[in-house]
Amino acid sequence: MIRIGNMLIDPNDISSIHQEIKTPSDPRLRGFVIIQIVYKSGVVKNLQLQETGVQSYEEFIDLFMQEKAKVEDSRVLRLMAAVKSMNNG
């Protein structure tokens, strides 16, 4: 799980992330930027930027990619440590 703004997300469960701007046909949300997260299970979550705690879609994507890279680096380091300990034992 990684934290992005106000959210906890498991990057392994996400299929894709999209940006959507509500059209004038929906007067309550006109001009609002929506972040659409599509999970591998088929669940689609639509979130307004205010709900996520970030200022822009680009910031959300940047934070997501940075946090995902940290998790991946940590996983690789643990794997390397495990292989090294097996070689020493």
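Residues numbered from 1 in each chain as written. Predicted model: local features only at pLDDT ≥ 70, side-chain atom pairs only at ≥ 80, totals over all residues. Heavy atoms only, no water.

K.L.:
Could you give an account of the nonpolar core, with specific residues and numbers?
P.N.:
One finds Ile9, Ile17, Ile37 and Phe60 to be the most contacted residues of the largest nonpolar core, which totals 15 residues. Those elements that place two or more of their residues in this core are strand E1 (2-4), strand E2 (7-9), strand E3 (14-21), strand E4 (33-39) and helix H2 (57-88). For Phe60, the residues in contact, after removing those within four places along its chain, are Ile4, Met7, Ile9, Ile17, Ile35, Ile37, Thr52 and Val54. (Core = buried A, V, L, I, M, F, W, Y, C linked by side-chain atoms within 4.5 Å. Buried < 20%, exposed > 50% of the residue type's maximum accessible area, 1.4 Å probe, protein only. Helix = DSSP H or I, 4+ residues; strand = E, 2+ residues; numbered from the N terminus. Contact = heavy atoms within 4.5 Å.)

K.L.:
Describe the sheet that holds strand E5 (residues 44-48), with residues and values.
P.N.:
Taken in spatial order, the three strands of this open sheet run E3-E4-E5, and their pairing is antiparallel. Both edges of this open sheet fall to E3 and E5, since each of them pairs with a single strand only. Recorded for the sheet is a direction-independent mean angle of 20° between the axes of neighbouring strands. Examined bridge by bridge, E3 and E4 share seven bridges and lie antiparallel to one another. Across the sheet, residue His18 finds its bridge partner in E4, namely Gln36. Taken strand by strand, H2 contacts E3 and E4, and its axis lies near 165° from that of E3. (Pairing = 2+ DSSP bridges. Axes fitted to C-alpha atoms, helices over the stretch in contact; angles between N-to-C directions.)

K.L.:
I'd love a proper account of H2, names of residues and values included.
P.N.:
The terminal C-alpha atoms of H2, which comprises 32 residues, lie 47 Å apart, in line with the 46 Å expected from a rise of 1.5 Å per residue. For H2, the set of buried residues is Tyr57, Phe60 and Phe64. (Expected span 1.5 Å × (residues − 1).)

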